[in-house]
Amino acid sequence: MAKMRQRGVSAIAWDDWVMRPVLIVANWKMNTTPADAGRLAAAMAAATDEPLVDRVICPPFVSLTAVGEALRGTGISVGAQNVHAEAFGAYTGEISAPMLAGLATWCIVGHSERRRDDGETDALIGRKLGRCREFGLRAILCVGESLEEREAGQAESTVRNQLAAALAAAASFDGGLDPGLVVAYEPVWAIGTGRTARGSDAAAMADAIRAACAESGVADPAALAVLYGGSVTSASIGEFLAEPSIDGALVGGASLKVDEMAGIVARAALTARARHAAADLAPAGHA
Ligand code: 13P
């Protein structure tokens, strides 16, 4: 498997190099109302005007319209935080992929809070991935280990098992696996706790994620975007983006603060610019 090993432009082994975009995703979770979400999104857009960074805001379902209107023409995309595994049917209170057409282009799938609170299994999460692919939503698949699993030395095997099971279920849908899949590594013990993984641990996990995706049949794992999530702030984002195998962040609490998002996206823009500069230098066929 080709890997991106970019420590500095002069150190690039071009045979192994692939340009991946930098992506910052805001997960607003169960915060904001339709009355205030549009204003917050507009303020975010004004403070994070960095076109080289792919930016996505994922508000609650009921605020998708307000946020979409506020973001029109800004280059920032809208995402949902969840989707049902079926397209239609007797599922009271649920939202399906075809219902999101025109409201969202991205969708978070398998967040640990849904695994914990709603009993989402890897097989169900895989079916949600398949449904996203069927209806043209770009999925952000969340994986991550608990503290007990990390302390037992099972962090990597937990994440690999989550990926293998979810991707096997997704692959059984027409069209197979989405080549544009994004994976977010979110260690459960780092979410909302103020604790973050070390950049080097997140990078090692990103390599394991690409290897597991390759085994599961993802077409071009070197091109797979891997995000880090878990208490990311403007102060901590640099540690993760200093790792060439990390392509951005899935941001929770800090994504509700305009100044924090401005700092996070500004740091992401440095990495995006460095990657674009490297791509400009790359021999034909490598960028
Ligand atoms: P925090 O950034 O609040 O820890 O949340 C991370 C997360 O769950 C993003 O999906």
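The coordinates are above.
Residues numbered from 1 in each chain as written. Predicted model: local features only at pLDDT ≥ 70, side-chain atom pairs only at ≥ 80, totals over all residues. Heavy atoms only, no water.

Colleague: Just checking my understanding: could you explain the overall build of the chain for this structure?
Modeller: Counting its secondary structure elements, the chain contains nine helices and eight strands. Taken against the 2.2 N^0.38 rule, which gives 19 Å for 287 residues, the C-alpha radius of gyration of the chain at 18 Å falls within 12% of a compact globule. Seen through its principal axes, the chain has C-alpha atoms that stretch 55 × 40 × 40 Å. Summarising the internal contacts of the chain: among those between residues at least 6 apart in sequence, 73% fall at separations of at least 24. Each charge class in the chain can be summarised by its mean position, and for the 25 positive and 33 negative side chains these summaries are 2 Å apart. (Helix = DSSP H or I, 4+ residues; strand = E, 2+ residues; numbered from the N terminus. Rg over C-alpha atoms; globule rule 2.2 N^0.38 Å. Contact = heavy atoms within 4.5 Å. Lys, Arg positive; Asp, Glu negative; His and termini not counted. Charge placed at Lys NZ, Arg CZ, Asp CG, Glu CD.)

Colleague: Help me out: how do you make sense of the packing of helix α1 (residues 34-47) against helix α9 (residues 258-281) in this one?
Modeller: Pairs of packed helices are described in terms of their axes, by the angle between the two and the distance that separates them. As a packed pair, α1 and α9 sit with axes 9 Å apart at the nearest point and diverge in direction by 35°. α1 and α9 meet at a crossing whose hand is right-handed. Between α1, through Leu40, Ala43, Met44 and Ala47, and α9, the contact on the second element is made entirely by Val258, Met261 and Ala262. Of the residues in the contact of α1 with α9, the class split is seven nonpolar, no polar and no charged. (Axes fitted to C-alpha atoms, helices over the stretch in contact; angles between N-to-C directions. Left-handed = near helix turned anticlockwise from the far one by under 90°. Nonpolar A, V, L, I, M, F, W, Y, C, P; charged D, E, K, R; others polar.)

Colleague: Before we go on, may I ask you to explain the sheet that holds strand β7 (residues 225-229) in this structure?
Modeller: Around the barrel, which closes on itself, the eight strands sit in the order β1-β2-β3-β4-β5-β6-β7-β8 with parallel pairing between neighbours. Across this sheet, the average inter-strand angle for adjacent strands is 25°, counted without regard to direction. Sheet analysis places β7 next to strand β8 (residues 248-251), joined by two bridges and oriented parallel. Opposite Gly229, over in β8, you have Leu250 as the bridge partner. Across the sheet, helix α2 (residues 64-71) is in contact with β2 (53-58) and β3 (77-80); its angle to β3 comes to roughly 165°. Across the face of the sheet, α9 comes into contact with β1 (22-27), β2 and β8 while running at roughly 160° to β1. (Pairing = 2+ DSSP bridges.)

Colleague: For this particular structure, what's the right way to read the packing of helix α6 (residues 155-171) against helix α7 (residues 199-215)?
Modeller: One can describe the packing of α6 onto α7 by two numbers: an axis separation of 9 Å at closest approach and a directional angle of 35°. In this structure, the crossing between α6 and α7 has a hand that is right-handed. Counted together, Ala155, Glu156, Val159, Arg160, Leu163 and Leu167 of α6 and Met205, Ala208, Ile209, Ala211, Ala212, Cys213 and Glu215 of α7 form the full contact between these two elements. Here the residues of the contact of α6 with α7 sort into ten nonpolar, no polar and three charged.

Colleague: Hey, could you run me through the site of the ligand in this one?
Modeller: As a matter of local geometry, the ligand sits amid 13 residues, with Lys29, His111, Gly192, Ser231 and Gly253 nearest to it. Residue Ser231 places a main-chain N or O atom 2.7 Å away from an oxygen atom belonging to the ligand. For the ligand, an oxygen atom lies 2.8 Å from a polar atom in the backbone of Gly253. Protein chains bury 94% of the 310 Å² of accessible surface belonging to the ligand in isolation. Residue classes in the shell around the ligand are distributed as four nonpolar, seven polar and two charged. (Near = heavy atom within 4 Å. Polar contact = N/O pair within 3.5 Å; in protein donor to acceptor, adjacent residues only side chain to side chain. Areas by Shrake-Rupley, 256 points an atom, 1.4 Å probe, with all protein chains shown as cover.)

Colleague: Hey, could you run me through helix α4 (residues 122-134) in this one?
Modeller: A turn of α-helix holds 3.6 residues, and therefore any two residues three or four places apart point the same way. Between its terminal C-alpha atoms α4 stretches 18 Å, which fits the 18 Å expected from 13 residues at 1.5 Å a residue. Of the positions making up α4, those classed as buried are Ile125, Gly126, Lys128, Leu129, Gly130, Arg131 and Cys132. Buried positions along α4 lie against β4 (106-109), α3 (112-118), β5 (138-143) and α6. Just beyond α4, the residue with positive phi is Gly136, at close to 75°. (Expected span 1.5 Å × (residues − 1). Buried < 20%, exposed > 50% of the residue type's maximum accessible area, 1.4 Å probe, protein only.)

Colleague: Please explain the pattern of salt bridges as it appears in this structure.
Modeller: Any two side chains of opposite charge can pair, on the condition that their charged atoms come close. In total, this model carries 18 salt bridges according to the counting rule given. The closest approach of N and O atoms between Asp117 and Arg116, which form a salt bridge, is 2.6 Å. Arg116 carries the same exposure label as Asp117, and that label is exposed. Each of Arg20, Arg210, Asp247 and Arg275 takes part in a single network of salt bridges with overlapping partners. (Salt bridge = Lys/Arg side-chain N within 4 Å of Asp/Glu carboxyl O.)

Colleague: Can you help me understand unusual backbone geometry in this one?
Modeller: For residues besides glycine, phi is generally negative; the peptide bonds are generally trans as well. A positive phi angle, close to 80°, is found at Thr32, a residue other than glycine. With respect to the helices and strands, the residue Thr32 is situated in the loop between β1 and α1. At Ser231, a position not held by glycine, the phi torsion is positive, near 55°. Assignment of secondary structure puts Ser231 in the loop between β7 and α8 (237-241). Residue Ser231 is classed as partly exposed on the basis of its relative accessible area, which comes to 21%.

Colleague: Would you take a moment to explain the nonpolar core for this structure?
Modeller: Nonpolar side chains in soluble globular proteins tend to be buried together. Counting 68 residues, the largest nonpolar core has Ile24, Leu163 and Ile209 as its most contacted members. Ranked by residue count, the leading element in this core is α7, at seven residues. In this view, Leu163 contacts Leu141, Val143, Val183, Ile209, Ala212, Cys213 and Ser216; residues no more than four positions away in its chain are not counted. Listed in part, the 13 residues of the second largest apolar core include Leu23, Val25, Ile108 and Leu250. (Core = buried A, V, L, I, M, F, W, Y, C linked by side-chain atoms within 4.5 Å.)

Just distances and angles here, no functional claims.
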